[in-house]
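Single-letter residue listing:
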Amino acid sequence: MPPWATTVLGVFLLADLVVVCGALLSLWPVLLDVVRADAAPGATSRWAPFGLGGWALTADTAMLLVVVCSSALGSFVHAATSFATYVGNRRLYASWLWWYLLRAGIGVALAMLVYFLLRGGLFAGSSGPGATNPYGFAGIAGLCGLFSKQATDKLREVCDTLLSTRTDGDRDREDKLARPPADGA
């Protein structure tokens, strides 16, 4: 990869870090405000990241945004570690550019799916957003971003186990689409 492209990618990764950490740091007090034990159901708190906008966030929305930011932070750690290693060894190739650009998106998407699974499956009977632990969900989301490959592999194993069948449906259906004889017999 040419030196100018390496520099642009490095600046992009640093900008990613600043944006994600800034958003997370400004969002955290908002989240803690709406999930506190004495917060009214449906309570909102104002969030203006970097002085932009001014959104009224509910506990669910604030928690989801923390999951997004935490997983992006984990993805940054993964991408930046790889970037530093390959640049330091002078083995960064242009073919990996999309890997670096998509790393945060992959981590965020995975963390959101895991969050939905955890909230929907493990906390379905809880008394609302205030019963959740934002530190735990932020940590899980960060780990999903950091270890997105391993998390995806583990989810595949879980789904293979949970959704396994005794027969191979595709093979059993192999001849089901064969054309009937043309003479109508």
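Located above this text is the structure these notes cover.
On a predicted model such as this, the values are computed, not experimentally measured, just so you know.

Cut-off values and rules
Residues numbered from 1 in each chain as written. Predicted model: local features only at pLDDT ≥ 70, side-chain atom pairs only at ≥ 80, totals over all residues. Heavy atoms only, no water. Helix = DSSP H or I, 4+ residues; strand = E, 2+ residues; numbered from the N terminus. Expected span 1.5 Å × (residues − 1). Bend = angle between axes of the 7 residues up to and from the residue. Buried < 20%, exposed > 50% of the residue type's maximum accessible area, 1.4 Å probe, protein only. Contact = heavy atoms within 4.5 Å. Phe/Tyr/Trp six-rings, centres within 6.5 Å; stacked < 30°, edge-to-face > 60°.

S.K.: Provide a residue-level description of helix α3 (residues 97-121), including the pertinent values.
M.R.: Here α3 contains 25 residues, and its C-alpha end-to-end distance of 37 Å stays within 8% of the 36 Å for a straight helix at 1.5 Å per residue. Taken as a whole, α3 carries its principal kink of about 40 degrees at Arg 103. All of the buried residues along α3 are Tyr 100, Arg 103, Gly 107, Val 108, Leu 110, Ala 111, Val 114, Tyr 115, Leu 118 and Arg 119. In this structure, the buried residues of α3 make contact with α1 (3-35), α2 (59-88), α4 (134-146) and α5 (148-162).

S.K.: Could you give an account of unusual backbone geometry, naming the residues involved and the relevant values?
M.R.: One non-glycine residue, Phe 50, lies in the positive phi region at around 55 degrees. Looking at the element boundaries, Phe 50 is found in the loop between β1 (45-47) and β2 (55-57). Within the chain, Arg 90 stands out as a residue other than glycine whose phi angle is a positive 55 degrees. Structurally, the position occupied by Arg 90 is in the loop between α2 and α3. Judged by relative accessible area, which is 77%, Arg 90 ranks as exposed.

S.K.: Tell me about the packing of aromatic side chains, and name the residues and values.
M.R.: For the structure shown, the criterion picks out seven aromatic pairs. Plain terms: the ring middles of Tyr 115 and Phe 116 are 5.9 Å apart, the flat faces sit at 50 degrees to each other, and that makes the pair tilted. Grouped by ring-pair contacts, the aromatic residues Phe 83, Trp 96, Trp 99 and Tyr 100 constitute a single cluster.

Functional significance is not addressed by these values, which are geometric in nature.
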